[in-house]
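Geometric and topological summary
Spelled out from the first residue to the last, the chains are:
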There are 2 protein chains.
Amino acid sequence: MSARTINPDYRYRVEVCFFPDQYPLYAAEMDIVVVIDVLRATSAMVTALAHGVERIIPVSSVEEARTYLGREGHIVAAERNGEVVEGFQYGNSPLAFQGPEIMGKTLVMTTTNGTRTIALARDAKRLVIGSFLNLTALSDWLVRQDGNILLLCAGWKGKFNLEDSTFAGAVMDRLLDSGRFGLEEDSSIAAQYLFHAARENIMGILKAAPRRRRIEQLRMLPDVKYCLTADTTGVIPVLRNGVLVPMAHETAA
Amino acid sequence: MSARTINPDYRYRVEVCFFPDQYPLYAAEMDIVVVIDVLRATSAMVTALAHGVERIIPVSSVEEARTYLGREGHIVAAERNGEVVEGFQYGNSPLAFQGPEIMGKTLVMTTTNGTRTIALARDAKRLVIGSFLNLTALSDWLVRQDGNILLLCAGWKGKFNLEDSTFAGAVMDRLLDSGRFGLEEDSSIAAQYLFHAARENIMGILKAAPRRRRIEQLRMLPDVKYCLTADTTGVIPVLRNGVLVPMAHETAA
């Protein structure tokens with residue numbers, strides 16, 4: 001197995017950061033940050049905007065989310081440790097954000113890893129949201145940008161996770177293919193190897209996952225299958241003044 | 001490519017931690033910590049003890065190392081950013097620790113990543129030092145232990161590196177093979193994939209490394225080749241009261 005050959009005359013970098021807490025090590029050199037929390041926060045955000053939610057307010061704490069409960073035009077989602085927090089109707093399952101009742105609403109959302117990662121990187125020049133669901137749309141947009149790109153994995157409670165890093169490898173593969181992008185970090189090389197190992201069958205790499213993960217995934221298997229499906233939408237959530245909105249078509253073009 | 005099948009009835013865990021700063025996330029569950037800084041601190045430590053250094057005092061700061069300069073029976077090594085610190089005779093090049101002048105000496109050592117990692121994990125029940133140079137001796141000893149094992153990568157200035165994680169994958173492969181060990185972390189799965197990608201040719205994965213790394217490696221190519229050579233010694237450094245000594249044969253048996 002070998003990694004893709006990189007154009008030695010690349011103009012911009014694309015790098016993978018495995019942990020939100022390491023974001024400060026990369027921040028100064030990066031122009032665009034892609035926040036990735038495949039299971040399930042960023043998949044849920046993409047789904048909600050694709051199904052008519054008007055905007056998403058990511059908040060870091062359950063307490064802050066609670067202040068929005070019952071507010072006109074708002075739906076509120078709170079997840080901790082994979083469960084819907086008591087008192088909330090929504091968690092981070094993307095399957096819950098597909099009905100007509102969410103049309104035109106503002107979604108307020110707090111999750112264990114995803115919204116915390118957004119908060120850490122909110123001062124990036126541009127912050128967008130990635131998931132397998134918008135893989136091609138996102139990659140097609142990224143490849144046309146002039147600037148360095150950081151693929152920022154949310155991980156799981158501060159630890160490395162396979163699905164975020166494999167997804168990052170998938171995006172990276174498409175950007176390197178263009179010849180406009182190169183990389184300088186070992187983590188980026190490792191993500192490439194993971195993606196190449198998994199590309200035939202993205203579910204396969206998760207099936208190789210350890211027992212604890214398999215049990216967790218079995219419990220939410222419909223979510224996992226949904227979140228690992230590529231290219232169900234062209235929506236790219238972008239952070240504007242602390243609020244995630246679908247990138248406008250004219251901007252995306 | 002697939003990861004090794006894991007015995008579902010394993011007794012102990014072997015896990016990989018990619019970054020020293022994440023050690024606290026694993027510490028409580030682990031009995032034995034293997035500190036890994038292939039390029040070059042742990043390779044240098046193994047080499048020095050294999051060539052007759054009596055003991056190694058790892059210190060965190062250059063200032064502390066400096067207090068040992070000129071002391072009878074001591075040699076002092078200080079490395080920062082890949083260079084020998086001014087005023088010191090030794091850095092972290094293992095090739096410097098092979099001459100007769102080091103026989104019977106106490107080596108005091110501070111390095112950018114390696115000794116800092118030892119300091120972070122010094123309260124582990126057992127702390128040993130790993131490198132390709134003692135891969136088989138270390139693995140043969142580890143596989144007979146009763147307890148959970150953490151393979152703790154020193155990384156490079158807080159970031160992921162390929163050689164430490166690939167080495168961790170190599171050790172893990174041997175422990176999983178025994179059926180006594182299993183794993184629960186995604187990082188451990190990823191290390192396996194990296195090792196399987198690199199096993200045919202350990203130098204190969206580094207040749208795929210990014211430009212910045214290749215330049216750095218070219219500058220110290222004799223060191224890199226030496227550090228990636230497996231099984232040149234049976235010495236396993238073990239931390240006793242803050243000092244690294246070769247594991248006694250009766251203990252190692």
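Residues numbered from 1 in each chain as written. Chains lettered and ligands numbered in written order. Predicted model: local features only at pLDDT ≥ 70, side-chain atom pairs only at ≥ 80, totals over all residues.

1. Considerations on the packing of helix 6 (residues 162-177) of chain B against helix 7 (residues 186-198) of chain B
Residue and element names in this part refer to chain B. We apply this condition: Simply put, an axis is a line fit to the C-alpha atoms, just over the touching stretch for a helix, and the angle between two N-to-C directions goes from 0 to 180 degrees. Counting from the N terminus, the helices are the DSSP runs of H or I reaching at least four residues and the strands are the DSSP runs of E reaching at least two. For classification purposes, an angle smaller than 35 degrees is called roughly parallel, one larger than 145 roughly antiparallel, one from 65 to 115 roughly perpendicular, and anything else oblique. Two residues form a contact once the distance between their C-beta atoms, set from the backbone, is within 7 Å. For this scheme, ten residues count as nonpolar: Ala, Val, Leu, Ile, Met, Phe, Trp, Tyr, Cys and Pro. Four count as charged, namely Asp, Glu, Lys and Arg, and the remainder, Gly too, count as polar.
Packing of helix 6 against helix 7 brings their axes to within 7 Å, and their N-to-C directions diverge by 95 degrees. In this view, helix 6 runs roughly perpendicular relative to helix 7, as classed from their interaxial angle. Between helix 6 and helix 7, the contacting residues are S165, T166, A168, G169, A170, M172 and D173 on the first element and S188, A191, Q192, L194, F195 and A198 on the second. Across the contact of helix 6 with helix 7, the residue classes break down as seven nonpolar, five polar and one charged.

2. As for the confidence of the model for chain A
Basically, it comes down to this: Confidence per residue, as judged by the predictor, is encoded in pLDDT with a range of 0 to 100.
Per-residue confidence for chain A averages 92 on the pLDDT scale, and 93% of its residues sit at or above 70. Confidence estimates for the predicted assembly give a pTM of 0.93 and an ipTM of 0.90.

3. Thoughts on the pairing of strand 11 (residues 243-246) of chain A
Residues and elements named next belong to chain A. Applied cut-off: Exposure in this text rests on C-beta crowding, where 20 or more other C-beta atoms within 10 Å of a residue's own make it buried, 12 or fewer make it exposed, and counts in between make it partly exposed. The C-beta atoms are placed from the backbone. In this analysis, strands are considered paired if DSSP registers two or more bridges between them.
Here strand 11 shows one buried face, formed by L244 and P246, and one open face, formed by V243 and V245. Bridge count between strand 10 (residues 237-240) and strand 11: four bridges; the pairing is antiparallel. Counted as the bridge partner of V238 is V245 from strand 11. Connecting strand 10 to the next strand, strand 11, in antiparallel fashion are two residues, including N241 with a positive phi near 50 degrees.

4. Focus on the environment of A65 of chain B
All names here are of chain B. Along the polypeptide, A65 turns up in helix 3 (residues 62-66). Separated by 60 residues in sequence, A65 and K125 place their C-alpha atoms 25 Å apart. Dropping the residues within four chain positions of it, A65 is found in contact with V59, V76, A78, V108 and T110.

5. Topic: helix 6 of chain B
All names here are of chain B. How we decide: Here a helix's expected span is defined as the number of its residues, less one, multiplied by 1.5 Å.
If you check helix 6, its first and last C-alpha atoms are 22 Å apart, about what 16 residues at 1.5 Å a residue would give, namely 22 Å. Judged by how many residues are buried, helix 6 sits mostly within the fold: 13 of 16 residues are covered. G179 sits one or two positions beyond helix 6 and adopts a positive phi of about 80 degrees.

6. Examining helix 7 of chain B
An α-helix turns once every 3.6 residues. As a result, residues three or four positions apart point the same way. A rise of 1.5 Å per residue sets the reference length of helix 7 of chain B, with its 13 residues, at 18 Å; its end C-alpha atoms lie 19 Å apart and thus fit the reference within 8%. Along helix 7 of chain B, 13 of the 13 residues are buried, which leaves the element largely enclosed by surrounding structure.

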